[in-house]
Amino acid sequence: MTETSDPAKSGRLRDRENGVAEESKGWDTKYEWKAIALLTAGFGLVGLDRWVITDLAGAKASTMVADLHLSNPPADIGNMVAVLGIAWGVAALFMGNLSDRIGRRKVLVPALVIFSVMSAFSGMTGALMAMLGMRALMKMAEGAYCPTSFATVAEASKPSRRG
């Protein structure tokens with residue numbers, strides 16, 4: 001097995017990979033629950049964004065609909081959701097594998113930073129096409145975050161707790 005520089009591959013993970021019994025080394029449940037709580041909070045925030053956008057489809061009088069000058073709000077927001085789903089799916093396919101090769105932290109941290117920056121920029125846009133571009137980049141970052149966070153939670157969890 002090759003050694004990587006991934007910080008997520010801590011002593012606990014190396015011990016599990018090398019066959020050292022978890023009972024003989026103990027298990028850091030504090031780290032486990034902290035990792036699960038933080039990654040769950042991040043997942044909740046990126047997921048919340050999706051619900052905010054889809055709820056606007058029926059709100060013809062919303063500020064966002066007026067700011068973007070949407071002529072057909074349900075169709076325009078439907079197209080936005082479609083673009084977001086495609087961007088998310090494509091990124092998820094490749095970024096989960098990338099995090100396996102280069103390390104979880106090297107994918108998670110940039111994904112959250114890009115997601116946050118694009119979220120701020122998307123709030124400043126005044127045109128549908130600009131919004132689509134920014135939100136596509138935002139969802140690519142979300143697509144990188146989700147599979148990587150799932151793998152990180154699995155690595156941080158005691159093997160007997162995995163489902």
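Rules of the game
- Residues numbered from 1 in each chain as written.
- Predicted model: local features only at pLDDT ≥ 70, side-chain atom pairs only at ≥ 80, totals over all residues.
- Heavy atoms only, no water.
- Core = buried A, V, L, I, M, F, W, Y, C linked by side-chain atoms within 4.5 Å.
- Buried < 20%, exposed > 50% of the residue type's maximum accessible area, 1.4 Å probe, protein only.
- Contact = heavy atoms within 4.5 Å.
- Helix = DSSP H or I, 4+ residues; strand = E, 2+ residues; numbered from the N terminus.
- Salt bridge = Lys/Arg side-chain N within 4 Å of Asp/Glu carboxyl O.

A. Structural detail: the nonpolar core. Formed by Leu-39, Val-46, Val-107, Leu-108, Ala-111, Phe-115, Met-118, Met-138, Ala-141, Ala-144, Tyr-145 and Cys-146, the largest nonpolar core amounts to twelve residues. Among all residues touching Met-138, those that are not within four sequence positions of it are Asp-49, Phe-115, Met-118, Ser-119 and Ser-122. Formed by eleven residues, the second largest nonpolar core is a distinct cluster that contains Met-64, Val-65, Leu-68 and Met-80.

B. Broad picture of the side chain of Ser-149. As for its placement among the helices and strands, Ser-149 is situated in helix α7 (residues 128–156). Dropping the residues within four chain positions of it, Ser-149 is found in contact with Leu-39 and Leu-108.

C. Representation of the pattern of salt bridges. All chains considered together, the criterion is met by three salt bridges. Among the salt bridges present, the one from Arg-104 reaches Asp-100, with a minimum N-O distance of 2.6 Å. Judged by relative accessible area, Arg-104 falls into the buried class, the value being 8%. Judged by its relative accessible area of 46%, Asp-100 falls in the partly exposed class. Taken together, the shared-partner salt bridges connect Asp-100, Arg-104 and Glu-155 into one network.

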